[in-house]
Amino acid sequence: MRVAKAGGLGGWRGGLLLALVAVVALAATGVWNPFPAVWDWVDRSEPISEPDVVWQQRVGGTPRSVTIAGETVVVEQRTRVEARSLATGAQLWERKADWSAVAGGDRDPVVVVGKLLVKGYEVLDPTTGVTRRRDGDAVAVWTYRNMLLDARCVDATDCTVSAWDPRGTAPLWTAFVPGVRSGLLGDNPGLLDTRRLDAVRIDDEVAGPEPVPPLLGFPIDGRVHVLDTATGRMLQDVEPGRDERLSVVGGRLLRITARSQDGTCYFAISGRDPATGQEAWQRAGINLRTADNAGCAQREDPYGARNVLIGVAPDAREAVLDGYDGRLLLVTDAGERLLAVDDRHALVRTADKRAVVGRELGAGRVRWTRPAGTKAGAALTPHAAVIADEKPSRLVALEPRTGRELVSLRTSANALAVGPGGMVIGEGREIGYVRFGGARGAPVPPRDGGVPGPGGTGSVPGPADSCGPKRELCPG
């Protein structure tokens, strides 16, 4: 019995060997080659969401950032950048680069690439990868939805900042700056503005490039140089006081004071006119979370977005302030928590932690309510409000004003980028694109491309005498 069993096993092995030899011979002679199909089956990725995405692709490395640029998806990796078709996911081009960023809006985007510790950058067409403009001297670049800024230095204390239309070939203006080399290198180095609220499973740059603020604050040698982005004029050169932190938000220079007394920190905010230095508004008691617990030392920018600030009132309720005139645009109810904010809306987790509500700034009313878990994160973009939930893991995109559902995915992937008609999600090296509500349900972007006006315009209420951050709303 044992001999017969061994012989049977040997026959099975021999037959398998002969079959393998035959397959190899057929593949070698080109008659039939099953190996590519077998490898494709082994290497095939599982869908990263349910329902399935329009397309799913595996990129060469874990993405550092993903941006929808017109009809392309730009994927930044550690040592390279590539562009893929928004319609099919097919790779359009690839370049070696240490950093990359996208400038321009939905109709005129460009990709800016460069190398670390090497001067200069290139402006590429996002569809073809062809170089539209090349610069060999700039040490830093800032990319916005409606402008590109670069800085170049003759020496450490002799620098200029130039503004460009994203697809322009000549600078719009050039301003002198007494040095930018210290810490301001590469793409989008930090300026003195606001920092965004974090959200789990939603990328910090999910909204794409922001519109250029009316003012920028450059930190140079312990001072703040305030630049008007419309004219290129340097308006102020200010040194902060011992208890102060300076920030430039909503067309104002903010002096934020944190004073230690009676075992606690006392806060005060003063909004200054950038041209005259005169105080335009002031508030006391709002904690902008700029200070740590060690002697009220302020080491962080305030939370906020675009022209608004987020703080904590003395009664522990969160508040949203207009950076231009200091108005309270929203004060949450007890136990509620702000998850995301922009110039027009706020996403708030309810006190019972069972839902996320959309609130309209200035009006105070609830626009919509969406059930959500206790650990749900959220973000606001010009085209959609995104909510990332757990148990079950979901990504949901909603119309920011009405709460209308654009798409709902059962997925553990992250939200990487949001565009006018859909969003890119990703997990590891896998990325995929999902459309919003099909062809009929795709949201129509605002006529201004999602760029809000200054305080007092659009759906952001303002006082009757508000002239806007650059007085563009007043005659003369």
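Keep in mind that what you see is a predicted model, and the values were worked out from it rather than measured.

A. Spatial organisation of the overall build of the chain. A tally of regular secondary structure across the chain gives three helices and 36 strands. The 476 residues of the chain split such that 49% are buried. When contacts within the chain are restricted to residue pairs at least 6 apart in sequence, those whose partners lie at least 24 apart make up 45%.

B. Region of interest: the pattern of salt bridges. Summed over all chains, the structure comprises 26 salt bridges. Here D301 and R245 are joined by a salt bridge, their closest N and O atoms 3.0 Å apart. A residue pair is termed long-range when its members are at least 10 positions apart, and D301 in the loop between strand 21 (279-284) and strand 22 (303-305) and R245 in strand 18 (residues 244-249) qualify at 56 residues. Look at the salt bridges and you will find they share partners, linking R95, E122 and R134 into a network.

C. Fine view of the sheet that holds strand 6 (residues 99-103). The four strands are arranged 6-7-8-9 in an open sheet whose pairing can be described as antiparallel. In this open sheet, the two strands that pair with only one neighbour each are strand 6 and strand 9 (131-135). Direction aside, the axes of adjacent strands within the sheet are offset by 20 degrees on average. Note: strand 7 (residues 110-114) against strand 8 (residues 121-124), three bridges, orientation antiparallel. In the strand pairing of strand 8, V112 is matched with V123.

D. Structural detail: the state of the cysteines. What the rule picks out here adds up to two disulfides. Each sulfur of the disulfide joining C153 and C159 lies 2.1 Å from the other. Between C153 and C159 the disulfide shows an S-S torsion of about 105 degrees. By sign, it is right-handed. Looking at C153, the relative accessible area reads 10%, which means it is buried. A disulfide bridge connects C265 with C296, and the sulfur atoms are separated by 1.8 Å. Across the S-S bond linking C265 and C296, the dihedral sits near -105 degrees, which makes this disulfide left-handed. Of this pair, C265 sits in strand 20 (residues 264-272) while C296 sits in the loop between strand 21 and strand 22, placing them 31 residues apart in sequence. For C265, a relative accessible area of 23% corresponds to the partly exposed category. Residue class for C296 comes out buried when judged on its relative accessible area of 5%.

E. Examining unusual backbone geometry more closely. Following E50, the chain continues into P51 via a peptide bond in cis, with omega recorded as 0 degrees. In this fold, P51 is placed in the loop between helix 2 (35-43) and strand 1 (55-58). Positive phi is not limited to glycine here, since R306 has a value of about 50 degrees. Within the fold, R306 resides in the loop between strand 22 and strand 23 (308-312). With a phi close to 75 degrees, A316 is a non-glycine residue in the positive phi region. Residue position: A316 is located in the loop between strand 23 and strand 24 (318-322).

F. Representation of the environment of T127. As for its placement among the helices and strands, T127 is situated in the loop between strand 8 and strand 9. For T127 and A83, which are 44 residues apart along the polypeptide, the C-alpha to C-alpha distance reads 7.2 Å. Those residues in contact with T127, other than ones at most four positions away along the chain, are T72, L92 and W93.

The rules behind these values
- The residue numbers shown here count from 1 along each chain, following its written sequence.
- Reporting in this predicted model follows two pLDDT cut-offs: at least 70 for local features of residues, and 80 or more for side-chain atom pairs to be given and counted; totals over whole chains, interfaces and linings ignore these cut-offs and use all residues.
- Note: side-chain values were computed over all heavy atoms of the structure, leaving out hydrogens and water.
- Numbering of helices and strands runs from the N terminus; a helix is a DSSP stretch of H or I covering at least four residues, while a strand is a stretch of E covering at least two.
- For every residue, the accessible area obtained with a 1.4 Å probe (protein chains only) is divided by the maximum for its type, and the residue is called buried under 20%, exposed over 50%, and partly exposed between those limits.
- Any two residues whose heavy atoms approach within 4.5 Å are treated as being in contact.
- In what follows, salt bridge is the name for a side-chain nitrogen of Lys or Arg lying within 4 Å of a carboxyl oxygen of Asp or Glu.
- Only strands joined by at least two bridges in the DSSP assignment are considered to pair.
- As a rule, the C-alpha atoms of each element are fitted with a line to give its axis, helices using only the stretch in contact, and angles between N-to-C directions run from 0 to 180 degrees.
- When two cysteine sulfur atoms lie within 2.5 Å, the pair is treated as a disulfide.

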